[in-house]
Amino acid sequence: MVAVATIAAASTNVSFSRYENVGDNTGSGQTRFYLQKVVFNQLLDWLEVLDSRYSVSLEQLAIDSIGEDGAVNATVHLRR
């Protein structure tokens, strides 16, 4: 999951500060990503690329505006 997310991030000019596997160690394919100071529209582009090219589903999304020209902090829970 992390490799796919990294490739998609590079193509949409997004970077995540850290990530963690979610759930037990059964290979559930769930990962939580933490993004800081990302442009909101680029975040949406990243999620679209993950969905359309890599069949990665959005499980949960938390977004906090940081008041800088459309920039947000986000926590993104994805499933593959």
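Use the structure listed above.
A short tour of the structure in this document, coming up. (Residues numbered from 1 in each chain as written. Predicted model: local features only at pLDDT ≥ 70, side-chain atom pairs only at ≥ 80, totals over all residues. Heavy atoms only, no water.)

1. Digging into the sheet that holds strand β4 (residues 71-79)
Here is step 1: Reading across from one edge, β1-β2-β4-β3 is the order of the four strands in this open sheet, with antiparallel pairing throughout. Each of the sheet's edge strands pairs with one partner strand only, and the pair in question is β1 (18-21) and β3 (57-68). Strand-to-strand twist in this sheet, taken as the mean axis angle between neighbours without regard to direction, amounts to 15°.
Here is step 2: One ladder, built from nine bridges, connects β3 with β4; its direction is antiparallel. Bridging from a neighbouring strand, Ile 63 pairs with Ala 74 of β4. (Pairing = 2+ DSSP bridges. Helix = DSSP H or I, 4+ residues; strand = E, 2+ residues; numbered from the N terminus. Axes fitted to C-alpha atoms, helices over the stretch in contact; angles between N-to-C directions.)

2. Looking at the packing of aromatic side chains
Here is step 1: Applying the stated criterion to the full structure yields five aromatic pairs.
Here is step 2: The interplanar angle of 35° and the centroid separation of 6.3 Å between the aromatic rings of Phe 16 and Trp 46 together place this pair among those described as tilted. Residue Phe 16 is located in the loop between α1 (2-12) and β1, and its partner Trp 46 is located in helix α2 (residues 40-54); the two are separated by 30 residues in the primary sequence.
Here is step 3: Pairwise contacts between aromatic rings join Phe 16, Tyr 19, Phe 33 and Trp 46 into one cluster.
Here is step 4: One cation-aromatic arrangement involves Arg 18 over Tyr 34; the distance from NZ or CZ to the ring centre is 3.9 Å. (Phe/Tyr/Trp six-rings, centres within 6.5 Å; stacked < 30°, edge-to-face > 60°. Lys NZ or Arg CZ within 6 Å of the ring centre and 35° of its normal.)

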